[in-house]
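Residues per chain are reported as follows:
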Amino acid sequence: MSPEGVWIAIGATAAGCYLVKLLGLSVPAGALERPLVRRLAALLPVALLAALTAQQTFGGEGGALVADARAGGLAAAAVALVLRAPFLVVVAAAVLVTAGLRALG
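Residues numbered from 1 in each chain as written. Predicted model: local features only at pLDDT ≥ 70, side-chain atom pairs only at ≥ 80, totals over all residues. Heavy atoms only, no water.

The helix and strand inventory of the chain stands at five helices and zero strands. Listed by position from the N terminus, the elements making up the chain come as α-α-α-α-α. The C-alpha atoms of the chain give a radius of gyration of 20 Å, which is well past the 13 Å a tight globule of 105 residues would have. Projected onto its principal axes, the C-alpha coordinates of the chain cover approximately 50 × 45 × 25 Å. Among the 105 residues that make up the chain, the fraction classed as buried is 10%. For the chain, restricting intrachain contacts to residue pairs at least 6 apart in sequence, the fraction spanning at least 24 positions comes to 28%. Carbon and sulfur atoms make up 75% of the accessible area of the chain, which totals about 8,400 Å². Across the chain, the 7 positively charged side chains and the 4 negatively charged ones have centroids separated by 17 Å. (Helix = DSSP H or I, 4+ residues; strand = E, 2+ residues; numbered from the N terminus. Rg over C-alpha atoms; globule rule 2.2 N^0.38 Å. Buried < 20%, exposed > 50% of the residue type's maximum accessible area, 1.4 Å probe, protein only. Contact = heavy atoms within 4.5 Å. Areas by Shrake-Rupley, 256 points an atom, 1.4 Å probe, with all protein chains shown as cover. Lys, Arg positive; Asp, Glu negative; His and termini not counted. Charge placed at Lys NZ, Arg CZ, Asp CG, Glu CD.)

Shown next, in the form of C-alpha cells:
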C-alpha cells in the first residue's frame, strides 16, 4: 500500500471512531438505564477480550488449532486468577511461563 493510502486509511479510521463515539453520546439516557443494556455493557467487553485472547493463543494458519508456549502462559494466568492473585502477578506468571516454554522449545 502506498504512503498516501496508509494516511487515507488512518484518517478514515479516526473519522469512524469519532462517529461511533458521537453515536454513543447521542443515545438517550433512558435507553442506557435498562437492565438488559447494563448487563450487556458489563459482559460484552469481557466476552470480546476472551475471544480475542483465545484466537491469538490457539489460532493457527488456515484455522488450524495450535497449542504452543502461549497456551502454557494462558494456563498459568488462569491458575493465578483462580488463586486470586493480583493483576501484575497474573501477567508476570503468564510472561514467565511463556518465556520459559519458548526457551525450552
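What follows covers the layout of surface pockets. The computed volume of the largest pocket comes to approximately 290 Å³. Lining the largest pocket we find Arg 70, Gly 73, Leu 74, Ala 77, Ala 78, Leu 81, Phe 87, Val 90, Val 91, Ala 94 and Thr 98. Elements supplying a minimum of two residues to the lining of the largest pocket: helix 4 (69-82) and helix 5 (87-104). Take the lining of the largest pocket: its biggest share by element is six residues, from helix 4. For the lining of the largest pocket, the class distribution of residues is eight nonpolar, two polar and one charged. (1 Å grid on protein atoms, 1.4 Å probe; cavity = no way out; pocket = protein on both sides within 12 Å on 5 of 7 lines; lining within 4 Å. Points joined across faces, edges and corners; volume = space filled by probe spheres on them. Nonpolar A, V, L, I, M, F, W, Y, C, P; charged D, E, K, R; others polar.)

As annotated by UniProt and renumbered to match this structure, "transmembrane region" (unreviewed entry) occupies residues 6-24, 36-54 and 74-101. Its end C-alpha atoms 27 Å apart, residues 6-24 is made of 100% helix and 0% strand. From the first C-alpha to the last, residues 36-54 spans 26 Å; its make-up is 100% helix and 0% strand. (UniProt positions renumbered as here; feature names shortened; annotations may be inferred.)

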